[in-house]
Each structure stands twice: as C-alpha cells, then as structure tokens.
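Now for the letters of each chain:
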Amino acid sequence: MKNKKYIVSACLIGKNCRYDGDNMLNKRVVDLLDKQDYISVCPEELGGLKIPRPPAEIVSIKPGENIPSERRVLDRDKKDVTCLFNEGAKKTLEMLRSNGIKTAILKDKSPSCGSRFIYSGDFSGNLVEGTGITAALLQENGITVLDENNFEEKLELK
Ligand code: SF4
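Residues numbered from 1 in each chain as written. Predicted model: local features only at pLDDT ≥ 70, side-chain atom pairs only at ≥ 80, totals over all residues. Heavy atoms only, no water.

*Asks:* What is the right way to read the sheet that holds strand β5 (residues 103-106) from this model?
*Replies:* Reading across the sheet, the four strands line up as β2-β1-β5-β8 and stay open at both edges, with parallel pairing between neighbours. In the strand order of this sheet, the two ends are held by β2 (38-41) and β8 (144-147), each with one partner. Strand-to-strand twist of the sheet, defined as the mean angle between neighbouring strand axes without regard to direction, takes the value 25°. As defined by bridge partners, strand β1 (residues 6-9) adjoins β5 across three bridges and the pair is classed as parallel. Across the sheet, Ile7 pairs through a bridge with Ala104, a residue of β5. (Pairing = 2+ DSSP bridges. Helix = DSSP H or I, 4+ residues; strand = E, 2+ residues; numbered from the N terminus. Axes fitted to C-alpha atoms, helices over the stretch in contact; angles between N-to-C directions.)

Structure, rendered in structure tokens:
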C-alpha cells in the first residue's frame, strides 16, 4: 500500500471545523495537495470537541515549556479542555504513524495546530511565539511540522 505523503489541517482545505464553525481555506495548500496523497485531520474534533465550540487558548506558557501534558488549555468560559486537546494530539500522531507520514502542514496560530505562533492565553488577541498541543507532540516524535505560510519555502516549491 502506498504511503500518504502529508497530513493537513482540515480547516485549511475548507472543512468547517474551526471553533466558530468556519474554515481557513487556503488555495495554495489546496493546489499543493491536488497532486499529492494526503490525509486531512482536525485534532480538536478528533479529541471530542464540538463544532462550534468556545475558543480556547493555552495558558501558563513559559519559555521552553512545550510538553503537552504540562500545559493547560482553557476555553473562553474557563473550562479546562486540556484532556480533549491531548487526546486529539495523540490520535493525530497515531494517524501519522499508521500511514507512514513524516510531514504535516498545520494551521498556524491554533492552540492545537500552531507551530510558530499561538495566542497568548488571555484572550487578548495577542500572539506569542509558541507551539500548539498537537504540533508540539508531532515535533517531539520527529515529524516535520510546516504551516500555511512556510510550506512552499520549506518544501522548495517556490
Ligand atoms: S484544530 Fe487544527 S484543523 Fe481543527 S480547526 Fe483548529 S487549526 Fe483547524
């Protein structure tokens, strides 16, 4: 059986799985995947979160603190949804492994999928350098995590 090449955030290819029921359709990502074998995934949905759902952010971020089990995710109503985010991350990693995938293209700035920036944890709209729960777990397990803004450069598609 031929291995899939990429895993991609489902919202980037138009699935309405964002917290607000919308998507983040990205034509450049869609164009790349048009010629590739891939799997789309929404880690938050995989973890059991509903669509729509309150927005959530990673709190208590300290420099270098990127271990999923040591970070907490709270939604805007202060409900702790860390377990669901961790569950989605674990299931996403299992999906990659069972399909022999080594590269993920994930939506940046998400508390799950972000690989360079995430929101600061106080729902102020400010971004900080950091990694989402799923992206961090994948990176810790040797997966190359790219985002919608750097995949062309990193895959040398330009
Ligand atoms: S968890 Fe990832 S795939 Fe799901 S909506 Fe958020 S950014 Fe998109």
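*Asks:* Please clarify how a nonpolar patch on the surface should be interpreted in this entry.
*Replies:* Together, Phe117, Tyr119 and Leu127 give the surface a local cluster of nonpolar side chains, amounting to about 230 Å² of exposed area. A relative accessible area of 32% means that Phe117 is categorised as partly exposed. (Patch = residues over 30% accessible without salt bridge, like charges linked within 9 Å, V, L, I, M, F, W, Y side chains within 5 Å. Areas by Shrake-Rupley, 256 points an atom, 1.4 Å probe, with all protein chains shown as cover. Salt bridge = Lys/Arg side-chain N within 4 Å of Asp/Glu carboxyl O. Buried < 20%, exposed > 50% of the residue type's maximum accessible area, 1.4 Å probe, protein only.)

*Asks:* I would appreciate a short explanation of the packing of helix α3 (residues 82-98) against helix α4 (residues 133-140) in the present structure.
*Replies:* Pairs of packed helices are described in terms of their axes, by the angle between the two and the distance that separates them. Taken N-terminus to C-terminus, the directions of α3 and α4 make an angle of 40°; their axes are 8 Å apart at the nearest point. Viewed along their axes, α3 and α4 adopt a mutual orientation that is oblique. α3 and α4 meet at a crossing whose hand is right-handed. Between α3 and α4, the residues in contact are Phe85, Asn86, Gly88, Ala89, Lys90, Thr92, Leu93 and Leu96 and Ile133, Thr134, Leu137 and Leu138, respectively. Counted by class, the contact of α3 with α4 contains seven nonpolar, four polar and one charged residues. (Parallel < 35°, antiparallel > 145°, perpendicular 65-115°, else oblique. Left-handed = near helix turned anticlockwise from the far one by under 90°. Contact = heavy atoms within 4.5 Å. Nonpolar A, V, L, I, M, F, W, Y, C, P; charged D, E, K, R; others polar.)

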